[in-house]
Amino acid sequence: MWKLAIDLGSSVTKIYRADTNNGIVLVEPSCVAVSGAEESVRAWGREAKNLIGKTADCTSVVYPVFEGEIVRPRLAAEMLTEFLQRVGVKKSAFRRAQILMGIPCGASQATVNAYVNLAEECGLKNVFFVEQPYLVATSVGATVGSFEPVFCLDIGGGTTNVAVVSVDGIISGLSMNIGGNNMDLSIRMDIQEHNRLQIGALTAERLKNELVNLSPTAMGAMVAEGCSVDSYRPASSSIRAQEIRSCVTRYLDKVVEYATMVIRNLPAEVAAIVNRNGVYLSGGVMKIPGVASYIGERLEMRYFVSEEPQFSTAQGAGALLRDKDLLRSFAKEID
Ligand SMILES: Nc1ncnc2c1ncn2[C@@H]1O[C@H](COP(=O)(O)OP(=O)(O)OP(=O)(O)O)[C@@H](O)[C@H]1O
Ligand SMILES: [Mg+2]
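Each value, and the rule that gives it
- Residue positions within a chain follow its written sequence, with the count starting from 1.
- Written order determines the labels here, with chains lettered from A and ligands numbered from 1.
- Only residues with pLDDT of 70 or above have their local features reported here, since the model is predicted, and side-chain atom pairs are shown and tallied only from 80 upward, although totals for entire chains, interfaces and linings are computed over all residues.
- Side-chain measures here rest on the full set of heavy atoms in the structure, leaving out hydrogens and waters.
- Note on terminology: a nonpolar core comprises buried Ala, Val, Leu, Ile, Met, Phe, Trp, Tyr and Cys residues joined through side-chain atoms within 4.5 Å.
- Burial status follows relative accessibility: with a 1.4 Å probe on protein chains alone, a residue under 20% of its type maximum counts as buried, one over 50% as exposed, and anything between as partly exposed.
- Put simply, DSSP H or I for four residues or longer makes a helix, DSSP E for two residues or longer makes a strand, and each gets a number counted from the N terminus.
- Domain start and stop points were drawn from an automatic or database domain assignment.
- In this description, contact between two residues means that some pair of their heavy atoms is separated by no more than 4.5 Å.
- Whether two aromatic rings pair depends on their centres lying within 6.5 Å, for rings of Phe, Tyr and Trp, where Trp uses its six-membered ring; planes under 30 degrees apart make the pair stacked, over 60 edge-to-face, and the rest tilted.
- In this analysis the charged atom, NZ for Lys or CZ for Arg, is taken to sit over a ring once it is within 6 Å of the ring centre and within 35 degrees of the ring normal.
- By buried area we mean the combined loss of accessible area, with a 1.4 Å probe, across both parts when two parts are placed together.
- Pairing of N or O atoms within 3.5 Å defines a polar contact, subject to two protein rules: one partner must be a possible hydrogen donor and the other a possible acceptor, and residues neighboring in sequence count only if both atoms are side-chain atoms.
- Lys, Arg, Asp and Glu make up the charged group, whereas Ala, Val, Leu, Ile, Met, Phe, Trp, Tyr, Cys and Pro make up the nonpolar group; the residues left over, Gly among them, are polar.
- The criterion for a residue being near a molecule or strand is simple. One of its heavy atoms has to lie within 4 Å of it.
- Note on areas: Shrake-Rupley, 1.4 Å probe, and residue coverage restricted to the protein chains presented here.
- At least two bridges found by DSSP between two strands are what make those strands a pair.
- Fitted lines through C-alpha atoms serve as axes, helices being fitted only where they are in contact, and the angles separating the N-to-C directions of these axes extend from 0 to 180 degrees.
- In this scheme the handedness of a crossing depends on how the near helix is turned from the far one: anticlockwise by less than a right angle means left-handed, clockwise means right-handed.

## Considerations on the nonpolar core
The biggest cluster of nonpolar side chains holds 44 residues, and the ones touching the most others in it are Phe151, Leu153, Ile244, Leu252, Val291, Ile295 and Leu299. Counting residues per element, this core draws most heavily on helix H7 (residues 241-264), at 10 residues. In this structure, this core is formed jointly by two domains, domain 2 (140-178 + 252-307) and domain 3 (180-246), each of which donates at least three residues. Ignoring anything within four residues of it in the chain, the contact list for Phe151 reads Val162, Ala163, Val164, Ala259, Val262, Ile263, Val274, Gly278, Val279, Tyr280, Leu299 and Met301. Membership of the second largest hydrophobic core comes to 38 residues, among which are Leu4, Ile70, Ala93 and Val116.

Written as structure tokens, this is what we have:
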């Protein structure tokens, strides 16, 4: 029987296969390109993302999940159905497949319902829903037997989750709409203002992921191509890593501020454990060089980050599908 863990991220969907040793079997941008009044889907995932900023008026690229919320239910269902089929699941096997789907930390009843409806719309009948911090905690080896509270901090494309997780619940936590997308936008605005150059969303994301390095001695530079704000003609400009560093750090500073609030709300015993064990960092933004140490230093805490932090949630979800006891305590009761 298929056992699949789905991390339907605001930016990237990851699917982990837990009934074999295959691990992560799908990584695709969570977007579709749609056209016409009926919004029929023309392209999915990577192919759709490549069209951003390049389409004619009648086509647009849509992210059906925005900051953790399912904002376009029909497109979300079509996208998830397509991704599951790409993994090899036939439509006729959807109803029997065992699925674990991550949902935002502290999701309201309306949000949970939206995820339940999404699963139903796809024809999935055997689905567990688990709040994301539990998944990250599982990825770092939490088990029912030996369970000390785990402090997790995940910065994705649209949201940041900060939580101290224990086996019987989230002791303190919050979710905020800060993520890589804010940093991309900030890079676009800064370059427009300081270099008089308008750049596209994909170029901004590339600058963030390939140029930004928070080390104070980082020296890199990259040429950004776009359009001059003054002459409206194609133009390019050389951007130094140091010039756009603050587009990333201004959001990290906010995350640190909120994470500090979460720590302050902890009971003394738990605070002591967290202080001793440190913080587990995950999410794609941790791939940017220097981000993890920047956060760790400001929280004045030991920090851990896996080699592929963008997959921590999906990997934890996969591990959870294999651990019935832990799954039972973490899965959300659905009425
Ligand atoms: N090497 C990288 N690989 C993937 N994403 C990266 C990398 N470097 C930086 N990022 C950024 O990380 C973000 C995506 O992270 P992640 O996949 O954790 O988000 P998500 O799970 O889709 O979103 P969310 O958790 O907010 O719903 C994007 O802003 C992306 O640009
Ligand atoms: Mg995520």
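Anyway, onward from the coordinates.
## What to know about the packing of aromatic side chains
Per the counting criterion, the structure on display carries two aromatic pairs. Arranged with centres 5.0 Å apart and planes meeting at 20°, the rings of Tyr280 and Phe304 form a pair that is stacked. Of this pair, Tyr280 sits in strand E17 (residues 279-282) while Phe304 sits in strand E18 (residues 303-305), and the two are 24 residues apart along the sequence. Look at Phe304 and you get partly exposed, because its relative accessible area is 30%. In this structure, Lys91 is placed above the aromatic ring of Phe94, and the distance from its NZ or CZ to the ring centre is 5.8 Å.

## Topic: the domain arrangement of the protein
On domain assignment, one finds that the protein holds domain 1 (3-135 + 314-330), domain 2 (140-178 + 252-307) and domain 3 (180-246). On a C-alpha basis, the centres of domain 1 and domain 3 stand 31 Å from each other. Facing five residues of domain 1, the contacting portion of domain 3 comprises four residues. Summed over both partners, the interface of domain 1 with domain 3 comes to about 340 Å²; 54% of that surface belongs to carbon and sulfur atoms. Taken as a group, Ser11, Lys49 and Ile52 account for 74% of the area that domain 1 buries against domain 3, more than any other trio of residues on that side. Counting across the domain 1 and domain 3 interface gives one residue pair in polar contact (both at pLDDT 80 or more). By residue class, the composition of the side of domain 1 that touches domain 3 is one nonpolar, two polar and two charged.

## Concerning helix H10 (residues 312-321)
Most of H10 is tucked away, with eight of its 10 residues classed as buried. Buried within H10 we find Ser312, Thr313, Ala314, Gly316, Ala317, Gly318, Leu320 and Leu321.

## Details of the site of ligand 1
Taken together, the neighbourhood of ligand 1 is formed by 18 residues, with Ser10, Lys14, Thr159, Glu205 and Lys208 sitting nearest. A distance of 3.0 Å separates an oxygen atom of ligand 1 from a polar backbone atom of Gly157. A distance of 2.7 Å is found between an oxygen atom of ligand 1 and a backbone nitrogen or oxygen belonging to Thr159. When the free accessible area of ligand 1 is taken as 640 Å², the share hidden by the protein chains comes to 88%. Of all elements in the fold, only strand E2 (12-17) and helix H6 (201-210) reach the threshold of two or more residues within the shell around ligand 1. Here the shell around ligand 1 gets three residues from one element, more than from any other, and that element is H6.

## Digging into the sheet that holds strand E11 (residues 150-155)
If you trace the five strands from one edge of the open sheet to the other, you get E13-E12-E11-E17-E18, paired in mixed fashion. Single-partner strands in this sheet number two, and they are strand E13 (169-176) and E18. Strand-to-strand twist across the sheet, computed as the mean angle between neighbouring axes with direction ignored, equals 20°. Where strand E12 (residues 160-166) lies against E13, seven bridges are found, and the strand directions are antiparallel. The residue bridging Ser166 from the neighbouring strand is Gly169, located in E13. Packing against the sheet, helix H4 (residues 132-139) makes contact with E11, E12, E13 and E17, and its axis sits at approximately 65° to E12.

## Quick notes on H6
Within the span of H6, buried status applies to Leu202, Thr203, Ala204, Leu207 and Lys208. On its buried face, H6 is in contact with helix H1 (45-49), helix H5 (180-195), strand E15 (221-228) and H7.

## Here we look at the environment of Leu8
By the secondary structure assignment, Leu8 is in strand E1 (residues 3-8). Between the alpha carbons of Leu8 and Ser30 there is a distance of 7.3 Å; along the sequence they are 22 residues apart. Those residues in contact with Leu8, other than ones at most four positions away along the chain, are Thr13, Val65, Met79, Tyr115 and Leu118.

## Overview of the packing of H5 against H7
Contact geometry for H5 and H7: axes closest at 9 Å, N-to-C directions at 145°. The element H5 and its partner H7 pack so that their crossing is right-handed. Each of Asn182, Met183, Ser186, Ile187, Asp190, Ile191 and Asn195 in H5 lies in contact with H7, whose residues at this interface are Glu243, Ile244, Ser246, Cys247, Val248, Arg250, Tyr251 and Leu252. Here the residues of the contact of H5 with H7 are counted per class, giving eight nonpolar, four polar and three charged.

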